[in-house]
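# Structural characterization, general
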Amino acid sequence: IEAYLLDGGFPEPLSSPDGDRLRRQYFLDIVERDIRERLGARSSLTIRQLVQMVFESAGSEMSLRRVAAATGIAVDTASSYIEACEAAYLLFSCPYFAFSARKRAARNRKYYPVDTGLRRVVVTRTGHDRGKALEGAVHLALRHKFGQIFYWRDRGEVDFVIHHEDRIVPVQVTWDAPSQRHHQTLESFYENFPQAEEARFITAANFESALDELYNSP
């Protein structure tokens, strides 16, 4: 799992001696051809800066106002840039979980990159953030299987909530064993959604087996 979290899943970079150069070129090509040209923006620099911010904050609630202020653009422009990034499959949004559409819309979304290796070469911070990479990989896997994935927050955060057909499944992601904080957050979640299934904990050690069990459970 650590190799996947580091390098992602794009095939050509995995077999290339200069995989990171290819990943950076992928990023630049997507921003230029699929986003800037589609939007008719004069420069791709602001778009790149915005995506870097979103990638660095992967897994955290993202305020459009904060992103707009940091990049020097209007909130509506930041919103259109992020929508274009989603349309280009560069990143995916993770909305707040609530049965009410109004409550969902009132909360900020989280965002995740399309590829963990791409995120690593794009972010400006040094080092490899294993926790964020693992959370991003879990989001991609759940989204591929169940479609739109949500998060929930009250006195703590449930990383992901699957709402598929009649199922509501909370999912916590942690590199090692879950902590007391995870369990306390789940207690609050079940107070609000008593019909939800038993929570799933996905760690670096059980990544594949936990996902398989989740996929195949009735």
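Numbers given to residues run from 1 along each chain, matching the order in which its sequence is written. With pLDDT at 70 or above as the cut-off, local features in this predicted model cover only qualifying residues; side-chain atom pairs require 80 or more to be listed or tallied, and sums for whole chains, interfaces and linings still use all residues. The basis for every side-chain value is the complete set of non-hydrogen atoms in the structure, without hydrogens or water.

## Observations regarding helix α10 (residues 180-192)
- Numbering of helices and strands runs from the N terminus; a helix is a DSSP stretch of H or I covering at least four residues, while a strand is a stretch of E covering at least two. By definition here, a helix of n residues has an expected span of 1.5 Å times n minus one. Over its 13 residues, α10 extends 19 Å from the first C-alpha to the last, a length consistent with the 18 Å expected when each residue adds 1.5 Å.
- Exposure classes here rest on a 1.4 Å probe applied to the protein chains alone. A residue is buried below 20% of its type maximum, exposed above 50%, and partly exposed in between. Looking only at α10, the buried set comprises H182, T185, L186, S188 and F189. Around the axis of α10, the buried residues are gathered within 160° of arc, so they sit on the same side. Turned more than 90 degrees off the buried face of α10, the exposed positions are Q180, E187 and E191.
- Buried residues along α10 sit against β4 (150-153), β5 (157-164), β6 (167-173) and β7 (200-202). Working definition: the arc comes from the directions between the helix axis and the C-beta atoms, pointing outward to the latter. Contacts: residue pairs with any heavy atoms within 4.5 Å of one another.

## Side note on the sheet that holds strand β3 (residues 109-113)
- When DSSP finds two or more bridges between a pair of strands, those strands are recorded as paired. Pairing in this open sheet of 3 strands is antiparallel, and the strands run β1-β3-β2 from one edge to the other. Looking at the sheet topology across the chains shown, the edges are occupied by β1 (61-62) and β2 (91-94).
- Here β1 runs beside β3; their pairing, made up of 2 bridges, is antiparallel. Each bridged residue has a counterpart across the sheet, and for M62 the counterpart in β3 is R109.
- All axes here are fitted lines through C-alpha atoms, helices being fitted over the stretch that makes contact, and every angle between N-to-C directions spans 0 to 180 degrees. Most of the contacts of helix α9 (residues 130-146) go to β2, to which it runs at about 85°, and overall it touches β2 and β3.

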